[in-house]
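# Structural characterization, general
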2 protein chains.
Amino acid sequence: MLDVYLLGSGGMMPLPGRWLSSLLVRHGSSLLLFDCGEGTQIPLRAAGWGLRAIDAIFLTHYHADHCSGLPGLLLTLGNAERVEPLQIYGPPGLHAVVRGLRVVAPQLPFAVECHELRGGEEFALGELRVHTLAVRHSLPCLSYTLERPRGRRFLPERARALGVPLPLWKRLQRGETVEWEGRRVPPEAVLGPPRPGVKLAFVTDTRPLPSIPPFIAGAQLFVCEGMYGDPADLPRAIENAHMLFREAAALARDGGVERLWLTHFSPALTDPHAWLHEARAIFPATTIGRTGLTITLRFAEDTDDAASASAQAG
Amino acid sequence: MLDVYLLGSGGMMPLPGRWLSSLLVRHGSSLLLFDCGEGTQIPLRAAGWGLRAIDAIFLTHYHADHCSGLPGLLLTLGNAERVEPLQIYGPPGLHAVVRGLRVVAPQLPFAVECHELRGGEEFALGELRVHTLAVRHSLPCLSYTLERPRGRRFLPERARALGVPLPLWKRLQRGETVEWEGRRVPPEAVLGPPRPGVKLAFVTDTRPLPSIPPFIAGAQLFVCEGMYGDPADLPRAIENAHMLFREAAALARDGGVERLWLTHFSPALTDPHAWLHEARAIFPATTIGRTGLTITLRFAEDTDDAASASAQAG
């Protein structure tokens, strides 16, 4: 349902062997990109999922390590003869940032449509739902969740028991109320209980906040910054408005997510695995992010009482 | 005297395994950078020559593949606690480009001083001389040469023959005329013939021009674009204002340079070596550029009749 590919795991600056943190998501024939730091187009190309199909870019904020790859990527999309409009989302200031960076990419064969968000928005993107949350960094910063909602299951045995004529079933399945021979059946009468969809959360460049666990609640995948592993770096994390591994893990636990990918490591953190135990002590299903880490998030098995979505590692 | 390091060899966009074309030069404790496309700071770091010591950046033009790595590099220099002013040189429009790109790097602990050049300028940079030439691309574009001039040799046997007192020799060596006991000796009288210095030429993103051979004349190293190898790409080279390998080689031959490094390969040119013979048929001392290609350009051996500088591969 949602294919997810971690393009990089670095913060602050791209390093030899460590691309800047950004995330690629595929839904059907469409690609979505979260953040676009310097060099992001290189692992993007190496991923082999294509480039031209990027329909939307979500920027968390306007530090260079999250957006300075934008002009190069726009030009590359142009060279790939993209003509469809591209949507870019980000916190206030987006128009000025895109205008500034496009000083070296003034002419493109497609429209770039910028959407400034303040946090708290919810909107549809095709079959997907996007939610935003304002988080706390040294400048305005957003977190995102992406959800693929799942419809309630149609129960043919109930429709049959209620005597609904077969030609009307399709309308019930579409969520419409049907009427025939003076009788009336609403869709709720023939649908199973609500079913969880698929949910992905992307949270980076913020201190932990009480608003984050409810925001990420139930996500199959929580991609979260872990700028520092060593708990002794807490003062630095506070000063720079970032998180320790253990803080990200506590958010994952409190949000009841299925798994956590840590990313956005400080350049000084040369071996993030050395601190993985810090996170796993709090949230066992933690993985150290790296370029090429991939997962496919799917709907749960459709059993009669399926109550939770499952995800399978790709 | 001049250490030279090719940081990348790609044009248009950075690719997995091929950084964008840019050149690093070390002179004493100072570093100079020619062009700064997306990702340039990564091979720059891998080179291991340091980052903080970059004192000047020369931009050929404002296509993204030559300058969009600027904001990230500026921030990285800032994080390295550079405080000395940084000089940036480029064709007209430089102020607007730097202002635009710095939308994501507004605060730096050092001054950025921009110098717009039209081509034809010559100026000193410490012991070095910089020359510029306006070339022909799809927007204003400059080529650069960097020279380390060499003084004429002081000939003690002549000073002795002219009876110059020993305490005055230093002044003659500094190029001053000396007088004593009513006698007068100009420095020319005790200096050998002019000696060539060291010269590096950087020419990219242009059609070949008659003005280029005299501009690069006698360079120990000529770094030149070769966007296309296949002569069948000539119409494309003309349309996009780039060069074939053989055109770059003809410039090298006509300029009487010692060696040519080809760079700025089209992304479609996956194996530049397949066309090396095209260049070597015209100019044998041609090398296909790649990240890490290095040379040290030195003064020629100081023999009595040394008339040419030599360079040794590093």
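Attention in this report is confined to the structure presented alongside it. The shown structure was predicted, so the numbers you read here are calculated from the model rather than taken from an experiment. Per chain, residues are indexed from 1 in the order of the written sequence. Numbering of ligands from 1 and lettering of chains from A proceed in the order in which they are written. Reporting in this predicted model follows two pLDDT cut-offs: at least 70 for local features of residues, and 80 or more for side-chain atom pairs to be given and counted; totals over whole chains, interfaces and linings ignore these cut-offs and use all residues.

When its secondary structure is counted, chain A shows ten helices and 17 strands. Against the compact-globule benchmark of 20 Å for 314 residues, chain A has a radius of gyration of 22 Å, which places it among compact chains. Counting only C-alpha atoms and orienting by the principal axes, one finds that chain A spans roughly 70 × 50 × 35 Å. Around each residue's C-beta, the other C-beta atoms within 10 Å are counted; 20 or more make the residue buried, 12 or fewer make it exposed, and counts in between make it partly exposed. All C-beta atoms are placed from the backbone. Taken over 314 residues, chain A has a buried fraction of 47%. Here, residues touch in the contact sense if the C-beta positions derived from the backbone fall within 7 Å of one another. Partitioning the intrachain contacts of chain A with sequence separation of at least 6 by distance along the chain shows that 64% fall at a separation of at least 24. For helices the rule is a DSSP run of H or I covering at least 4 residues; for strands it is a run of E covering at least 2, with both sets numbered from the N terminus onward. In this setup the radius of gyration rests on C-alpha atoms only. A globule is expected at 2.2 Å times the number of residues raised to 0.38.

Time to look at the relation of the copies chain B and chain A. Taken as rigid bodies, chain B and chain A are interconverted by a rotation of 180° and an axial shift of 0.0 Å, the fit giving an RMSD of 0.1 Å. Such a turn and shift between the copies fits a two-fold axis. The C-alpha atom lying nearest the rotation axis in chain B is that of G100(B); the distance is 1.9 Å. A share of 100% of interface residues in chain B that are also interface residues in chain A marks the association as one of identical surfaces. The copies were overlaid with a least-squares fit restricted to C-alpha atoms from residues scoring a pLDDT of at least 70 in each copy.

The next subject is the sheet that holds strand β8 (residues 128-135) of chain A. Residue and element names in this part refer to chain A. Taken together, the seven strands give an open sheet; going across it, the order is β7-β8-β9-β12-β13-β14-β15, and neighbouring strands pair in mixed fashion. Where the open sheet ends on each side, the last strands, each with one partner, are β7 (122-125) and β15 (286-288). For this sheet, the mean inter-axis angle between neighbouring strands, taken without regard to orientation, is 25°. Across three bridges, strand β14 (residues 260-263) lies against β15 in parallel orientation. Bridge pairing in β15 links L260 to T286. Its contacts with the sheet put helix α9 (residues 245-255) on β13 (221-225), β14 and β15, and the angle it makes with β13 is roughly 155°. Strands pair, by our definition, only if DSSP identifies at least two bridges between them. Orientation is described by axes fitted as lines to C-alpha atoms, over the contacting stretch for helices, and by angles from 0 to 180 degrees between their N-to-C directions.

This part takes up the pairing of strand β12 (residues 195-203) of chain B. All names here are of chain B. Counting buried positions over the nine residues of β12 gives seven, a clear majority of the element. Note that β12 and strand β13 (residues 221-225) share four bridges and pair parallel. Paired with L200 across the strands is L221, a residue of β13.

The subject of this paragraph is the sheet that holds β13(B). Residue and element names in this part refer to chain B. Across the sheet, which stays open at both edges, the seven strands sit in the order β7-β8-β9-β12-β13-β14-β15 with mixed pairing between neighbours. The sheet is open, and its two edges are formed by β7 (122-125) and β15 (286-288), each paired on a single side. Between one strand and the next, the sheet's axes are offset by a mean angle of 25°, whatever the strand orientation. Bridging between β7 and strand β8 (residues 128-135) involves four bridges; their strand directions are antiparallel.

What follows concerns the interface of chain B and chain A. Taken together, the contacts link 29 residues of chain B with 29 residues of chain A. Going through the elements one at a time, α1 (41-47), α2 (64-67), α3 (70-79) and α4 (94-101) of chain B are the ones with two or more residues in the side of chain B that touches chain A. In terms of residue count, the dominant contributor to the side of chain B that touches chain A is α3(B) (five residues). The nonpolar class holds Ala, Val, Leu, Ile, Met, Phe, Trp, Tyr, Cys and Pro. Asp, Glu, Lys and Arg form the charged class, and all remaining residues, Gly among them, are polar. Partitioned by chemical class, the residues of the side of chain B that touches chain A number 18 nonpolar, nine polar and two charged.

Before going further, it helps to examine the pairing of strand β9 (residues 141-150) of chain B. Residue and element names in this part refer to chain B. Here β9 lies mainly inside the structure; seven of its ten residues are buried. The sheet contact formed by β8 and β9 spans seven bridges and is antiparallel. In the strand pairing of β9, T132 is matched with Y144. From the end of β8 to the start of β9, which pair antiparallel, there are five residues.

With that out of the way, let us pick up the environment of S30(A). Residues and elements named next belong to chain A. Along the chain, the position of S30 falls in strand β3 (residues 30-34). On the basis of neighbour count, S30 is assigned to the partly exposed category, with 15 C-beta atoms found within 10 Å. Counting along the chain gives 271 residues from S30 to E301, while the straight-line C-alpha distance between them is 24 Å. Beyond its immediate chain neighbours, meaning those up to four positions away, S30 contacts A53, D55 and G126.

Geometric descriptors of this kind do not, in isolation, establish any biological role.
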